[in-house]
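# Report on the structure
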Amino acid sequence: MSKTVLPGKIVCVGRNYVEHAKELGNEVPKSPLIFLKPPSAVIADGDPIRLPSASQQVEFEGEIGVVVGKRLSRASEAEARSAVRGIVAVNDVTARDLQKTDGQWTRAKGFDSFCPIGPESNGIPDLGNLTVVTRVNGEERQRGSSAQMVFSIPMLLSYISNIMTLEPGDLIATGTPSGVGRLAPGDVVEVEIAGVSRVSNPVAESS
Ligand code: MG
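The model shown is predicted, which means the values in this text are computed figures rather than measured ones.

What follows deals with the overall build of the chain. A tally of regular secondary structure across the chain gives five helices and 15 strands. Taken over the C-alpha trace, the chain has a radius of gyration of 15 Å; the compact-globule value for 207 residues is 17 Å, and the two agree within 12%. Considering only C-alpha atoms, the chain reaches an extent of 45 × 35 × 30 Å along its principal axes. Out of the 207 residues in the chain, the part that is buried amounts to 53%.

Rendered as structure tokens:
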């Protein structure tokens, strides 16, 4: 296991699992819905997630993270697949109340500590058969597979690279399965990509 990546940019995908889109009352988009999280939100395994006083509803979103290994611009899916450097566990922590009231998601997704990232995989596992599991205080809350994604990992990288050049070290968070839920001070939330990467973080009030 290597140390936590610090991406130049973090491109996230919304509503990439049918059941998660439904649980929040949304349709699955016709093309990938993307947004950015700032690199300043990144924390490592063991660091606390700080609940900002501006939000009353901070939620976990366990996700499969893809680390880019080669510059990608207007890449085909085959080129994108061969440019994957590694896989990481990501928690796309979200202030759900602010996401709804703001419309734009930058504040809801961008607080410091809102992007726990696990250590990068050694080598590249089968991108079509990755399992993501989220646990809160040891209890399983989410389970999904990359096989259930609306848009596959190579498709997502190709699509994003047709909008913005992806650089080595950039991170793609590929969307969360159903089961998202609220975090409270004292909780411990863990996202695991089975056999690949794991990130566990205590939850604390803002300092
Ligand atoms: Mg998400």
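With that out of the way, let us pick up unusual backbone geometry. Phi at R15 is positive, roughly 55 degrees, even though this residue is not glycine. As for its placement among the helices and strands, R15 is situated in the loop between β1 (10–14) and α1 (18–23). On the basis of relative accessibility, which here comes to 26%, the residue R15 falls in the partly exposed class. The backbone of N137 sits at a positive phi, close to 50 degrees, despite the residue not being glycine. With respect to the helices, strands and loops of the structure, N137 is situated in the loop between β10 (131–136) and β11 (139–145).

The subject of this paragraph is the sheet that holds β11. Read across the open sheet, the five strands follow the order β4-β15-β14-β10-β11; overall the sheet is mixed. For this open sheet the edge positions go to β4 (49–51) and β11, each flanked by a neighbour on one side alone. Sheet twist, expressed as the mean angle between neighbouring strand axes with direction ignored, is 20 degrees. Judged from the six bridges that link them, β10 and β11 form a sheet pairing that is antiparallel. Bridge pairing links V136 to E139 in β11.

The next subject is the layout of surface pockets. Its volume calculated, the largest pocket comes out at about 220 Å³. Lining the largest pocket are 17 residues, and of these R15, L24, N26, Q99 and W105 sit closest to its centre. Residue assignment for the lining of the largest pocket shows that the elements contributing at least two residues are β1 and α3 (96–102). Looking at which element gives the most residues to the lining of the largest pocket, the answer is α3, with three residues. The residue inventory of the lining of the largest pocket, partitioned by class, reads four nonpolar, six polar and seven charged.

Taken together, E61 (OE), E63 (OE) and D92 (OD) make up the protein donors of the magnesium ion, found 2.0 to 2.1 Å from the metal. Of note, the donors binding the magnesium ion are all from one chain and are spaced E-x1-E-x28-D. Pair noted here: E63 is in strand β6 (residues 62–68) and D92 is in the loop between β7 (84–91) and β8 (94–95), with a separation of 29 residues, a long-range link. The pair E63 / D92 is uniform in exposure class, with both members buried.

What follows covers the nonpolar core. The nonpolar side chains of a soluble globular protein tend to be buried with one another. Core analysis: the largest hydrophobic core is formed by 28 residues, its most contacted members being I64, L157 and I172. Mapped onto this core, the elements with two or more residues apiece are β1, β6, β7, α5 (153–161) and β14 (188–193). Setting aside residues up to four positions removed in sequence, I172 forms contacts with V11, V13, I64, G65, V66, V68, L157, I160 and L166. Ranked by size, the runner-up nonpolar core spans 27 residues in total, among them I43, V58, A95 and C115.

For β7, the tally of buried residues reaches seven of eight residues, placing the bulk of the element in the interior. Pairing geometry for β6 and β7, over seven bridges, is antiparallel. Counted as the bridge partner of I64 is A89 from β7.

With that settled, consider the packing of aromatic side chains. The full count for this structure, using the stated rule, is two aromatic pairs. Arranged with centres 5.1 Å apart and planes meeting at 70 degrees, the rings of F35 and W105 form a pair that is edge-to-face. Of the two residues, F35 is situated in strand β2 (residues 33–37) and W105 in the loop between α3 and α4 (106–110); the sequence distance between them amounts to 70 residues. Exposure remark for W105: the relative accessible area of 18% places this residue in the buried category.

Reading the values: the criteria
- Residues numbered from 1 in each chain as written.
- Predicted model: local features only at pLDDT ≥ 70, side-chain atom pairs only at ≥ 80, totals over all residues.
- Heavy atoms only, no water.
- Helix = DSSP H or I, 4+ residues; strand = E, 2+ residues; numbered from the N terminus.
- Rg over C-alpha atoms; globule rule 2.2 N^0.38 Å.
- Buried < 20%, exposed > 50% of the residue type's maximum accessible area, 1.4 Å probe, protein only.
- Pairing = 2+ DSSP bridges.
- Axes fitted to C-alpha atoms, helices over the stretch in contact; angles between N-to-C directions.
- 1 Å grid on protein atoms, 1.4 Å probe; cavity = no way out; pocket = protein on both sides within 12 Å on 5 of 7 lines; lining within 4 Å.
- Points joined across faces, edges and corners; volume = space filled by probe spheres on them.
- Nonpolar A, V, L, I, M, F, W, Y, C, P; charged D, E, K, R; others polar.
- Donors = N, O, S within 2.8 Å, 3.2 Å for Na, K, Ca; no water.
- Core = buried A, V, L, I, M, F, W, Y, C linked by side-chain atoms within 4.5 Å.
- Contact = heavy atoms within 4.5 Å.
- Phe/Tyr/Trp six-rings, centres within 6.5 Å; stacked < 30°, edge-to-face > 60°.

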